[in-house]
Protein chains: 2
Amino acid sequence: MTKVIHGGDIYQYTGKIIDFSSNINPLGLPGMVQDILSTEWRCLEYYPDLHYTALRRAIADKHALVSEDQVIVGNGAAEIIYLVGSLFQGKQVLIPMPSFGEYQQAVEQWGGQVELVFRKSVNRFALPMEEILRRLPDVDGLILCNPNNPTGNLLSEEELIRILNQAEAYGKIVVLDEAFIDFVSDSARSSGVDWLEEVSTLLVIRAFTKFYAMPGLRLGYGIGSREFIQTMRERQMPWSVNSLAAKIGEQVLQDEEYRAQSIQWIESERVHFMQSLQQVTALRVYPATANFLLCQIRGQRMKAADLKERLLDAGILIRDASSFCGLDESYFRVAIKGREDNEKLVAALQGILHDE
Amino acid sequence: MTKVIHGGDIYQYTGKIIDFSSNINPLGLPGMVQDILSTEWRCLEYYPDLHYTALRRAIADKHALVSEDQVIVGNGAAEIIYLVGSLFQGKQVLIPMPSFGEYQQAVEQWGGQVELVFRKSVNRFALPMEEILRRLPDVDGLILCNPNNPTGNLLSEEELIRILNQAEAYGKIVVLDEAFIDFVSDSARSSGVDWLEEVSTLLVIRAFTKFYAMPGLRLGYGIGSREFIQTMRERQMPWSVNSLAAKIGEQVLQDEEYRAQSIQWIESERVHFMQSLQQVTALRVYPATANFLLCQIRGQRMKAADLKERLLDAGILIRDASSFCGLDESYFRVAIKGREDNEKLVAALQGILHDE
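Residues numbered from 1 in each chain as written. Chains lettered and ligands numbered in written order. Predicted model: local features only at pLDDT ≥ 70, side-chain atom pairs only at ≥ 80, totals over all residues. Heavy atoms only, no water.

Can you walk me through the relation of the copies chain A and chain B in this structure?
Two chain copies, one operation linking them: a rotation about an axis together with a shift along it. Screw-axis analysis of chain A against chain B gives a translation of 0.0 Å along the axis, an RMSD of 0.0 Å, and a rotation angle of 180 degrees. Such a combination of turn and shift is consistent with a two-fold rotation axis. Take the interface residues of chain A: 100% of them recur as interface residues in chain B, which is what a same-surface contact looks like. (Least-squares fit on C-alpha atoms with pLDDT ≥ 70 in both. Contact = heavy atoms within 4.5 Å.)

I tried to follow unusual backbone geometry on my own but got confused; where do I start?
Excluding glycine, residues mostly have negative phi values, and the peptide bonds linking residues are mostly trans. Omega for the peptide link from Asn149(A) to Pro150(A) comes to 15 degrees, which places this bond in the cis form. Tracing the sequence through the fold places Pro150(A) in the loop between strand E5 (141-145) and helix H6 (157-170). Going from Met97(B) to Pro98(B), the amide bond is cis rather than trans, its omega being -5 degrees. Structurally, the position occupied by Pro98(B) is in the loop between strand E3 (92-97) and helix H4 (102-109). Despite not being glycine, Ala64(A) shows a phi value in the positive range, around 55 degrees. Positive phi values are uncommon outside glycine, yet Ala213(A) reaches one of about 55 degrees. (Helix = DSSP H or I, 4+ residues; strand = E, 2+ residues; numbered from the N terminus.)

Help me out: how do you make sense of the interface of chain A and chain B in this one?
Residue-level contacts link 48 residues of chain A with 48 residues of chain B. A combined buried area of about 4300 Å² lies between chain A and chain B, and 61% of that area is made up of carbon and sulfur atoms. Here chain A is connected to chain B by 0 salt bridges. Inspection of the region where chain A meets chain B yields 18 residue pairs in polar contact (both at pLDDT 80 or more). Only helix H1 (32-40), helix H3 (76-85), helix H4 (102-109) and helix H8 (243-252) of chain A provide two or more residues apiece to the side of chain A that touches chain B. Partitioning the side of chain A that touches chain B into residue classes produces 25 nonpolar, 12 polar and 11 charged. (Buried area = accessible area lost by both parts, 1.4 Å probe. Salt bridge = Lys/Arg side-chain N within 4 Å of Asp/Glu carboxyl O. Polar contact = N/O pair within 3.5 Å; in protein donor to acceptor, adjacent residues only side chain to side chain. Nonpolar A, V, L, I, M, F, W, Y, C, P; charged D, E, K, R; others polar.)

Help me understand the packing of helix H10 (residues 304-313) of chain A against helix H11 (residues 339-353) of chain A in this model?
A pair of packed helices is characterised by two quantities: the angle between their axes and the separation of those axes. Residues and elements named next belong to chain A. At a minimum axis separation of 10 Å, H10 and H11 run at an interaxial angle of 120 degrees. As far as their axial angle goes, H11 and H10 are oblique. Two packed elements cross with a definite hand, and for H10 against H11 that hand is right-handed. Between H10 and H11, the contacting residues are Leu-307, Arg-310 and Leu-311 on the first element and Leu-345, Ala-348, Leu-349, Ile-352 and Leu-353 on the second. Of the residues that constitute the contact of H10 with H11, the class distribution is 7 nonpolar, no polar and 1 charged. (Axes fitted to C-alpha atoms, helices over the stretch in contact; angles between N-to-C directions. Parallel < 35°, antiparallel > 145°, perpendicular 65-115°, else oblique. Left-handed = near helix turned anticlockwise from the far one by under 90°.)

Looking at this structure, how should I read the packing of helix H9 (residues 256-278) of chain A against H11(A)?
Residues and elements named next belong to chain A. Relative to each other, H9 and H11 sit at 10 degrees, their axes nearing to 10 Å. If you check the angle between H9 and H11, you find them roughly parallel. Each of Ser-268, Glu-269, His-272, Phe-273, Ser-276 and Leu-277 in H9 lies in contact with H11, whose residues at this interface are Arg-339, Asn-342, Glu-343, Leu-345, Val-346 and Leu-349. Classifying every residue of the contact of H9 with H11 gives 5 nonpolar, 4 polar and 3 charged.

Help me understand the packing of aromatic side chains, please; the structure alone is not making it clear to me.
Aromatic ring pairs are described here by two measures, namely the spacing of the ring centres and the angle between the planes. Residues and elements named next belong to chain A. Under the criterion given, the structure shown has 30 aromatic pairs over all chains. Note on Phe-125 and Tyr-286: the rings are 5.1 Å apart at their centroids and 55 degrees apart in plane angle, and the pair reads as tilted. Of this pair, Phe-125 sits in the loop between strand E4 (113-118) and helix H5 (129-135) while Tyr-286 sits in the loop between strand E9 (283-285) and strand E10 (292-297), and the two are 161 residues apart along the sequence. Using a relative accessible area of 1% as the deciding quantity, one classes Phe-125 as buried. Judged by its relative accessible area of 1%, Tyr-286 is buried. (Phe/Tyr/Trp six-rings, centres within 6.5 Å; stacked < 30°, edge-to-face > 60°. Buried < 20%, exposed > 50% of the residue type's maximum accessible area, 1.4 Å probe, protein only.)

Structure representation (structure tokens):
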């Protein structure tokens, strides 16, 4: 069984750390979270609604779905991914790598078989479209992270439609993990949500974790056909979402001000941070489309693991990306944070890499 | 696959309901929970500790275990039970019925085989000790709810030791679900926790849900040998416990005042409530050892489902127990609540059953 290594394990470090390893919105929790905790805390005295009807309805409304029967909520996107794995029991699924490692583990846990396809660094990790379209008819489905963690690649609307058309024609399952899509400019054009009605074999995964800066809350969801959602719900543990998490999820979806501020931050920081990082000539910087960046240390100057250790001395934590299948020891990933933190990282990288 | 029907689904009812269907401590959440939420809420901005080291250490300390490696925490006892199921992959396990339905579902979900043993009403649902001791050598283990939900039976220390001795001698797994044992008088004598060092094949399940009145928090744990715990942790989803839930769990374990008050409530209400219910001559009342009671409507006067409907008109929700394997339509279960609520229930039962 594939065992996934996770980033963001700040608990093993002491002292103040600027955490670039978790791709979390640096605005922090929406202010309303504190209010909800102080007014609604007694809901912990009750079992959560087994069906999470209010939360599922709020999600359905947000995405203009016909019914909450097209929505499943879970303990972070992690639980949704695990349940998605169950759709591939005894089946074969294509997964492009490098990508988030949980897909493969979930499919194998349910006895499905994973066929890997590789994004290549010479193509800047673009999705190998022709290979996917050629192989899709011979397998049962495809799991795609869009935008892709850790490489940042985003499907164009045209690419998305080509894949969905083929999936529909051959009756293949397409799973789109859109955990980071809220950070994408003009995200509607890259999201599968608009095509759920036309493509009954499409399933979209979303999370509250990254955009609302609440990875501790454990709340994610999946949207798709009633049939897929029903199957996944039947296989789910009861009450996997905490009562307060359900209330918070329901309400933050309405927080338009937080959404606007977050979009404004990402728009202003993404380009600036990327340009600053590109000044560090020892690095190759891959394009950012969401709120994180993949970087490569050029010319075997240093391993990412060693760079990580050196940065920790400066109170900075990055994600050594060498554990991602398809990446080697020269890669690391950083979140886009606020201007001041971003500049500290760039200065520290300059200092370490150009001292060598 | 066995599908379990759960009680406590108050979300389908509107208006004020006195909920006797969930077996929750009527003192409500410990006061410190509100303080923890207001001071620690920012922990939601971080992923939980993947290893939940602080919480597992607090649990290990509470039970005087040698190491936190003997502890797994999960999303309610539900997740622990699900993972316990994985210990019986391709194996056979004895489960006495009627009991909590999740055990059977968990074992079957992992491809294990369940052998049922029946507690009989003529024996007041006492555990069929001789049958279990006779059959245990031929299977791989036993899952036992103690005190048993919904019948309330509690193992004596002597019975517990007989089972553990045989399990140890034959190398069989014994799982004790002690979700309600905090409510038992002199609980130490009925708990398996004292025998964990001697019996390496013993695993004990506990929950924060019932005793600390926080079913919405989703926090349970398992304790056992390092080997069992390690196996279960490897099969667990990452971060299944919310960050705030982990903090709350860690701290409420220290709340001795809440513990003392809860014990005092249960001691004073249990006998009084049982005696009041026994005044309702249309009922057979089974002995309470924890914080709930199984009742049977005598002489086919009425089905429990109909009684439930009638009581709802009076704003009272009971648990129709006919969905428990081994019970028929005459059984229902009620939680022990505060004096005033308990008396309202008894009066309503008198009114309905003696009107017939």
